[in-house]
Amino acid sequence: LGSLISLSSTMVLLKTLTAQGRMGTLSSRVMIGMLIVQDLAVVPMMILLPALAQPEAGLRLLGTATLRAAIFLFVMVVVGTRVLPQLMRVIAVRQSRELFLLAITAIGLGVGYATYLFGLSFAFGAFVAGLVLSESDYAHQALSDIIPLRDVFGMLFFASIGMLIDPRLLLATSGQVIVLLTAVILGKSLILGGLSAAFGYRNVVPLAVGLGLFQIGEFAFVLGRVGVQTGSISNALFTLVLNTAVLSMVLTPVLSGTTGAIYAWWRNRNGREPFQTINLPSSGLRDHVVLVGGGRVGRFTAELLQRLSLPAVLIELDYRRFLQARDAGRTAIFGDAAQQVVLEAAQVSAARLVLVTVPILSVTEAVVDQVRAIAPAVRIVARAEGAEQLRQLQARGLTEVVQPELEAGLEMVRQALLHLDFGVTDVHRVSAQLRQEMYAPLFGHDSDYQRLVQLGSAGQLFDFSWVEIPVGSVMDGRSIADLALRSRTGATVVGILRDGQMLPNPPPDHPLHIADLLAIAGTPDQRRSLEALARARPEPRDIVG
């Protein structure tokens, strides 16, 4: 009975999280991790529970069942790594989706029947077959083809469960069902929420876990049927658990949806829970940048903001990255940016800009929704992984969306065209046109952005090159006017880099020295002429003079 009640429903929870838009949050990842462990625990339960149903057989029967399971798993590992990949490769070469789907179905049913003949549970064999297929090279195609069958069998599964419910028996045992349902909800919520708190999760996570995983899962029906067949539990007890499980599944979306309201009430009553923060000023923040995500893009953005002395606070869920921000002396908050209390700790309502650098669309959407709920007028710039994500984020009212892959692709195109001897003007014209076409859905009517693109393209059209003054150069110790660089080479010195300091537009009487880097503007021939002059040695009369 404890095994039946301890399992939660993966199918119900995933549907609930998706409908509530909470996929990708910290609490959802904790719950999914717990569900994976529970699903894996079904394997030893299917092996051991039938043997434990016959205690008079003692350890002999338990050892026999364990040995059978071990032999079967060994055979499945060998078959799954040696035979099935070859078989799937032969079937995939045929390029017949019907044959591929038939093979996947036959493997699942065949392995399940083999375990039944081996003296183990049919459901256990089907579960192992799914694990083996998931590790193959054809797992994604197999999953995409099997999803319709999964949904059909899932529908039939729940329909059959519903057919097992006797309304008259449910009414007759309503008192027992209510007591058991209440005990399950309270007990599992406290235990699972307490476990997440014991592992260091704070704020809303324990509450979300408790209210999300309290239901009795679908694997309980499979284990319960095995228990009835072995005489471990009676039909009456199985029916009681069945009725309780169905009602707990029905209540999952309702109770899980109250997480935010309950946590807000608790926070208002008991005060805000302390956050682990770094360098957060006691006077608070205002007109700052809230940076969500400290990955490669977020870390580079944070470095630039810090270099420019712009006030910014980083929100990071990865503790390793959080410590890296601490070591770099940045203001940071450890937490999930999709949670309202974390954004309030970052004082997003007083922020000037929110930058979302995480690449996962569901997480970005959850963060954007929370930011809009707290500060509807704040500007949001987010990261998108393609045109489809760009359009989805645009529909949520973002200020700007950036596609890192597009920018990297444009730079690759620019470098390729330059090495293929395309003119600089043509290269920048093509790249600017591509950028405007890709960002047109979002910035088509933004005059400021269009002007920024035009200014950037115009600035890049100025073709500069750098020339270093070597040891023994004729230029050493002489000024630009003295060398008559403009009249002798046609090139113009627009800047001098010396000892890490940049001197733009140097005056004609400015002396040049060894190791100076000259920023040169001009045609390729003019630049080559100045480079040759820099390499030239002074003539004797120049040394005497």
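Check the entry above for the structure.
As the structure is a prediction and not an experimental result, all values here were calculated from the model.

### Digging into the overall build of the protein chain
(1) Moving on: Per the secondary structure count, the protein chain includes 25 helices and 11 strands.
(2) Moving on: Expressed as a percentage of the 545 residues in the protein chain, the buried residues total 40%.
(3) Moving on: If you take every contact in the protein chain between residues at least 6 apart in sequence, the share linking residues at least 24 apart comes to 70%.

### Focus on the packing of helix H9 (residues 174-198) against helix H10 (residues 205-212)
(1) Moving on: Two elements in contact, H9 and H10, have axes whose closest approach is 8 Å; the angle formed by their N-to-C orientations is 150°. Crossing handedness for the pair H9 and H10: right-handed. The segment H9 lies against H10, with Ser-189, Leu-192, Gly-193, Ser-196 and Ala-197 engaging Pro-206, Val-209, Gly-210 and Leu-211.

### Re the nonpolar core
Considering soluble globular proteins, one finds that nonpolar side chains tend to be buried as a cluster.
(1) Moving on: With 35 residues, the main nonpolar core has Val-290, Val-354, Val-356, Val-367, Val-371 and Ile-380 as its most contacted residues.
(2) Moving on: Sorting the residues of this core by element identifies strand E2 (289-292), strand E3 (312-316), helix H16 (340-345), strand E5 (353-356), helix H17 (361-374), strand E6 (379-383) and helix H18 (387-394) as the ones contributing at least two each.
(3) Moving on: The element that contributes the greatest number of residues to this core is H17, accounting for 6 residues.
(4) Moving on: In contact with Val-290, not counting residues within four places along its chain, are Val-313, Ile-315, Ala-346, Val-348, Ala-351, Leu-353, Val-354 and Leu-355.
(5) Moving on: Listed in part, the 22 residues of the second largest apolar core include Phe-219, Val-228, Leu-242 and Met-249.

### As for the side chain of Thr-331
(1) Moving on: Looking at where Thr-331 falls in the secondary structure, it is placed in the loop between helix H15 (319-327) and strand E4 (332-334).
(2) Moving on: With near-sequence residues (within four places) excluded, Thr-331 lies in contact with Ile-278, Asn-279, Leu-280, Ala-312, Val-313 and Leu-314.

### Comments concerning the environment of Leu-355
(1) Moving on: Mapped onto the fold, Leu-355 is located in strand E5.
(2) Moving on: According to the relative accessible area criterion, Leu-355 is buried, its value standing at 14%.
(3) Moving on: Put simply, Leu-355 and Val-381 are 26 residues apart on the chain and 4.9 Å apart in space, counted from C-alpha to C-alpha.
(4) Moving on: Setting aside residues no more than four positions away along its own chain, Leu-355 makes contact with Val-289, Val-290, Leu-291, Val-292, Thr-301 and Val-381.

### A word on H17
(1) Moving on: The terminal C-alpha atoms of H17 lie 20 Å apart, and with 14 residues this matches the ideal 20 Å at 1.5 Å per residue to within 8%.
(2) Moving on: Within H17 the residues assigned to the buried category are Leu-361, Val-363, Thr-364, Glu-365, Ala-366, Val-367, Val-368 and Val-371.
(3) Moving on: In this fold, the buried residues of H17 make contact with E2, H16, E5, E6 and H18.

### A look at a nonpolar patch on the surface
(1) Moving on: Where nonpolar side chains cluster on the molecular surface, the patch consists of Leu-67, Ile-71, Phe-74, Val-75 and Val-78 and spans about 460 Å² of accessible area.
(2) Moving on: Within the secondary structure, Ile-71 sits in helix H4 (residues 58-93).

### Some words on the environment of Val-42
(1) Moving on: Along the chain, Val-42 falls in helix H3 (residues 26-52).
(2) Moving on: According to the relative accessible area criterion, Val-42 is buried, its value standing at 0%.
(3) Moving on: C-alpha of Val-42 to C-alpha of Val-222: the two residues are 180 residues apart in sequence and 9.7 Å apart in space.

### Side note on the environment of Ala-481
(1) Moving on: Considering the arrangement of structural elements, one finds Ala-481 in helix H22 (residues 480-483).
(2) Moving on: Of the residues examined, Ala-481 reaches a relative accessible area of 49% and is grouped as partly exposed.
(3) Moving on: With 28 residues separating them in the primary sequence, Ala-481 and Asp-509 have C-alpha atoms 5.9 Å apart.

### Looking at the pattern of salt bridges
(1) Moving on: Considering all chains together, one arrives at 8 salt bridges under this definition.
(2) Moving on: With a shortest N-O distance of 3.3 Å, Arg-326 and Asp-327 are connected by a salt bridge.
(3) Moving on: On the basis of relative accessible area, Arg-326 is assigned to the partly exposed category, the value being 45%.
(4) Moving on: For Glu-411, the salt bridge goes to Arg-414, with nearest N and O atoms at 2.6 Å. With a gap of 3 residues between them, Glu-411 and Arg-414 both fall in helix H19 (residues 404-419), about one helical turn apart.

### Observations regarding the packing of H9 against helix H12 (residues 235-256)
(1) Moving on: Where H9 meets H12, the closest approach of the two axes is 10 Å, and the angle between their N-to-C directions is 55°. Compared by their axis directions, H9 and H12 come out oblique. Like other packed secondary-structure pairs, H9 and H12 cross with a definite hand, here right-handed. Contacts from Gln-176, Val-177, Leu-180, Leu-181 and Ile-185 in H9 reach Leu-240, Asn-243, Thr-244, Leu-247, Ser-248, Leu-251 and Leu-255 in H12.
(2) Moving on: In terms of residue class, the contact of H9 with H12 is made up of 8 nonpolar, 4 polar and no charged.

How each quantity is defined
- Residues numbered from 1 in each chain as written.
- Predicted model: local features only at pLDDT ≥ 70, side-chain atom pairs only at ≥ 80, totals over all residues.
- Heavy atoms only, no water.
- Helix = DSSP H or I, 4+ residues; strand = E, 2+ residues; numbered from the N terminus.
- Buried < 20%, exposed > 50% of the residue type's maximum accessible area, 1.4 Å probe, protein only.
- Contact = heavy atoms within 4.5 Å.
- Axes fitted to C-alpha atoms, helices over the stretch in contact; angles between N-to-C directions.
- Left-handed = near helix turned anticlockwise from the far one by under 90°.
- Core = buried A, V, L, I, M, F, W, Y, C linked by side-chain atoms within 4.5 Å.
- Expected span 1.5 Å × (residues − 1).
- Patch = residues over 30% accessible without salt bridge, like charges linked within 9 Å, V, L, I, M, F, W, Y side chains within 5 Å.
- Areas by Shrake-Rupley, 256 points an atom, 1.4 Å probe, with all protein chains shown as cover.
- Salt bridge = Lys/Arg side-chain N within 4 Å of Asp/Glu carboxyl O.
- Parallel < 35°, antiparallel > 145°, perpendicular 65-115°, else oblique.
- Nonpolar A, V, L, I, M, F, W, Y, C, P; charged D, E, K, R; others polar.

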